[in-house]
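Chain by chain, the residues run as shown.
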Amino acid sequence: MKSQVTESRLAPGRFCPPEYFYGTKAIKGASEITASTIVVCGGLYGNMAALETIENQHSGVDHIIFGGDFNWFNIDHGDFKEINDRIIRSHLAIRGNVETELSRRSTQSGCGCAYPPTTSDAEVEYSNQIINALHVTADSFPEIQDSFSKLPMFLKFRIGDTQVAVVHGDAENLAGWNFSSQEMRNPSNASRYQGYFTDSGVDIFASSHTCEPAIQLFNIDTENPRVVINNGSAGMPNFENALHGIATRISVNACPESLKLYGVKLGGIHVDAIKVNYDSTKFLRQFSRCWSAQSPAHKSYYGRIAGRTGTKISTVTESLANALGVSD
Ligand SMILES: [Fe+2]
């Protein structure tokens, strides 16, 4: 039984390839991009309608950053080319595990998601089947695959007096899961996060890989609380019966109330989860055109795309209110 668990964890989709590691020292030594406002969109997952909404809604900000996994459901050749042409030509982007695996000619990593034991083997297998299908499309565009391999694994910004790292996974690994709410809320992990902030010199991490929204404050020292904000998915619903994606906005200026879901103000910097109000009918049309009811993407994601996420926004906002000492 024990060996079965070990084998399962090392199966494709279950482990972080060693080349996914960058570590906090690389972040500390990286150069900064100065900005007043950035919008971080991790996990677009090939949603053309969401890309359109993001570009229209945030044309005035300094940088829209696609935080990895901007490909996934876009196996249609036209969609694949257009999404990647637009993102790589006009915006900043880091590579997620999806782009990294698509850039390789052969791999044992499957989807590269490094799913934890709590994810079922069936879900992992669906993900591996999706990346295999997407790989067939990507192989028709070697110049795009080449551009994926040249994307950075993280970017660092200076916004006001604050340092911000945009990562896909966590502070050390491209597909790390340590920016999930379960890991961050576990008090026995406190020293891990202390190390992340002190070793990287970063005040705010913006992430997405776990595909579940989270925001967590850390009192590393008494003067400057630090924060991790995970936007979950920009291109899929995140909260029950709410058919919008989520992005992260970090700015010296307050967030428009019409977009704001929740957030904090740290050292004069506004850190907010914002809605990506894409046309869900349009996305469903795109999805259904490519993925039949028997497909792995349909089996694994259709419920979520239709708004059945099983996660209430209150699980995030109540925890944040507790951290801020706010009561109703
Ligand atoms: Fe990912």
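Scope of this entry: the structure provided in the associated data block.

1. Some points on the coordination of the iron ion
Stage number 1. The iron ion binds to the protein through D69 (OD), N97 (OD1), H168 (NE2) and H209 (ND1); the donor distances cover 2.1 to 2.2 Å.
Stage number 2. Coordination geometry of the iron ion: the four donor atoms subtend angles of 91 to 161° at the metal centre, consistent with an arrangement described as irregular.
Stage number 3. All donors of the iron ion come from a single chain, and their spacing in sequence reads D-x27-N-x70-H-x40-H. Of this pair, D69 sits in the loop between β3 (63–66) and α4 (77–90) while N97 sits in helix α5 (residues 97–102), placing them 28 residues apart in sequence.
Stage number 4. Exposure remark for N97: the relative accessible area of 0% places this residue in the buried category.

2. Here's the deal with the environment of S300
Stage number 1. Note that S300 resides in helix α11 (residues 296–305).
Stage number 2. S300 sits 123 residues away from W177 along the chain, and the two C-alpha atoms are 20 Å apart.
Stage number 3. Once residues lying within four places of it in the same chain are set aside, the contact partners of S300 are E123 and Y126.

3. Structural notes on the packing of helix α10 (residues 280–290) against α11
Stage number 1. Two elements in contact, α10 and α11, have axes separated by 12 Å at closest approach and are oriented at 170°. One finds that α10 runs roughly antiparallel with respect to α11. For the pair α10 and α11, the contacting residues are F283, L284 and F287 in the first and A297, H298, Y302 and I305 in the second.
Stage number 2. Of the residues assigned to the contact of α10 with α11, the class counts are six nonpolar, one polar and no charged.

4. Notes on the pairing of strand β6 (residues 162–167)
Stage number 1. Burial of β6 is extensive: six of the six residues sit out of reach of the surface.
Stage number 2. Taking every second residue as pointing to the same face, both faces of β6 are buried, with T162, V164 and V166 on one and Q163, A165 and V167 on the other.
Stage number 3. Looking at chain direction, strand β5 (residues 154–159) and β6 are connected through six bridges and run antiparallel. Paired with R158 across the strands is Q163, a residue of β6.
Stage number 4. What sits between the antiparallel neighbours β5 and β6 is a turn of two residues, in which G160 has the positive phi angle 60°.
Stage number 5. Here β6 pairs with strand β7 (residues 204–207) via three bridges, running parallel. Paired with V166 across the strands is A206, a residue of β7.

About the criteria used
Residues numbered from 1 in each chain as written. Predicted model: local features only at pLDDT ≥ 70, side-chain atom pairs only at ≥ 80, totals over all residues. Heavy atoms only, no water. Donors = N, O, S within 2.8 Å, 3.2 Å for Na, K, Ca; no water. Tetrahedral: all angles 85-135°; square planar, octahedral: opposite > 155°, others 65-115°. Helix = DSSP H or I, 4+ residues; strand = E, 2+ residues; numbered from the N terminus. Buried < 20%, exposed > 50% of the residue type's maximum accessible area, 1.4 Å probe, protein only. Contact = heavy atoms within 4.5 Å. Axes fitted to C-alpha atoms, helices over the stretch in contact; angles between N-to-C directions. Parallel < 35°, antiparallel > 145°, perpendicular 65-115°, else oblique. Nonpolar A, V, L, I, M, F, W, Y, C, P; charged D, E, K, R; others polar. Pairing = 2+ DSSP bridges.

Remember that the coordinates give geometry; whether it matters functionally is a separate question.
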